[in-house]
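A closer look at the structure
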Amino acid sequence: TQIDGFTSQIRTLETKVGDVSLKLSTLERDVALHQQRLHALAQLYVLQTQRLNTLKAQYATALKHLTERLVTIYMSGEPSTWELYFGSGSLNDMISQSDFVKRIGHEDKLIATKVESAKQAMQASRVKTRAMRARVKGEERVIAARAAQTRQVKLKLVGAKNALDANRQQKLVRSEEHTSELQS
């Protein structure tokens, strides 16, 4: 009957070890999947950061062109319609100068549009980069939590294995004692 009791305890412990081993392997797979996801997010974060830096450079270039144009306008002044009319030697000169001023105005609008679109693209990229950073940090927290769970399960597994080994040893000792009692 003692042997039956020990056998029952051993089977119970073996079942617990099996359950803990299954939970451990599930947690390890979960950690591996989260690590893969973290790696992909980290790569995406690097790309987003590179895009943001590119957009910052484009914005700086557009802003430089705008600044240069504003300085040029300030230094030379925009000719008025009357100045074009009275400063022209002929009708063709006036039309040419008028076309030239229209082209400059068009270029000014293009520069301002480029500056605004670069600014908006840079702001959107910053938002995406911040969101990506938050996702990466979230994945890191999940991985840390899963790793802690995995460590706890491993400790339980080691404890259950040690208990099983101790019970087997006790069973062996008692079996030997029982055998020696029977022989005497």
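Below: a short report on this structure.

1. A short note on the overall build of the protein chain
For the protein chain, the count of helices and strands is 3 helices and 0 strands. Taken from the N to the C terminus, the helices and strands of the protein chain come in the order α-α-α. The 184 residues of the protein chain split such that 21% are buried. Look at the contacts in the protein chain between residues 6 or more apart in sequence, and 90% of them connect residues 24 or more apart. With an accessible surface of roughly 13500 Å², the protein chain has 58% of that area assigned to carbon and sulfur atoms.

2. A closer look at the environment of leucine 41
Mapped onto the secondary structure, leucine 41 falls in helix H1 (residues 2-76). Between the C-alpha atoms of leucine 41 and arginine 133, which are 92 residues apart in sequence, the distance is 8.6 Å. Setting aside anything within four residues of it in sequence, one finds leucine 41 in contact with Met132, Arg135, Val136 and Glu139.

3. Section: the nonpolar core
Residues Leu52, Leu55, Tyr59, Ala62, Ile111, Val115, Ala118 and Met122 constitute the largest nonpolar core, which totals 8 residues. Those elements giving two or more residues to this core turn out to be H1 and helix H3 (91-183). Ignoring anything within four residues of it in the chain, the contact list for tyrosine 59 reads Val115, Ala118, Lys119 and Met122.

4. Observations concerning a positive patch on the surface
On the surface, Lys56, Arg126, Arg130, Arg133, Lys137 and Arg141 cluster together into a patch of positive charge. For arginine 130, the location among the structural elements is in helix H3.

5. So, the pattern of salt bridges
The tally for this structure, following the rule as stated, stands at 3 salt bridges. A salt bridge links aspartate 30 to arginine 146; its shortest N-O distance comes to 2.1 Å. Remark: arginine 146 occurs in helix H3 and aspartate 30 occurs in helix H1; sequence separation between them is 116 residues. Looking at arginine 146, the relative accessible area reads 26%, which means it is partly exposed. Between glutamate 68 and lysine 64 there is a salt bridge, and its shortest N-O distance comes to 3.8 Å. Taken together, the residues span about one helical turn, with glutamate 68 and lysine 64 both in helix H1 at a distance of 4 residues. Overall, the relative accessible area of 38% leaves glutamate 68 in the partly exposed class. Of the residues examined, lysine 64 reaches a relative accessible area of 52% and is grouped as exposed.

6. Some details on the side chain of serine 125
Structurally, serine 125 can be placed in helix H3. Here serine 125 falls in the buried class, since its relative accessible area comes to 4%. What serine 125 contacts, discounting residues up to four positions off in sequence, is Gln48, Arg51, Leu52 and Leu55.

7. Thoughts on the environment of isoleucine 143
Of note, isoleucine 143 is situated in helix H3. We classify isoleucine 143 as buried; its relative accessible area is 12%. Sequence separation between isoleucine 143 and histidine 34 is 109 residues, and the spatial gap between their C-alpha atoms is 6.2 Å. Here isoleucine 143 is in contact with His34, Gln35 and Leu38, once residues within four sequence places are set aside.

The rules behind each value
- Residues numbered from 1 in each chain as written.
- Predicted model: local features only at pLDDT ≥ 70, side-chain atom pairs only at ≥ 80, totals over all residues.
- Heavy atoms only, no water.
- Helix = DSSP H or I, 4+ residues; strand = E, 2+ residues; numbered from the N terminus.
- Buried < 20%, exposed > 50% of the residue type's maximum accessible area, 1.4 Å probe, protein only.
- Contact = heavy atoms within 4.5 Å.
- Areas by Shrake-Rupley, 256 points an atom, 1.4 Å probe, with all protein chains shown as cover.
- Core = buried A, V, L, I, M, F, W, Y, C linked by side-chain atoms within 4.5 Å.
- Patch = residues over 30% accessible without salt bridge, like charges linked within 9 Å, V, L, I, M, F, W, Y side chains within 5 Å.
- Salt bridge = Lys/Arg side-chain N within 4 Å of Asp/Glu carboxyl O.
- Lys, Arg positive; Asp, Glu negative; His and termini not counted.
- Charge placed at Lys NZ, Arg CZ, Asp CG, Glu CD.

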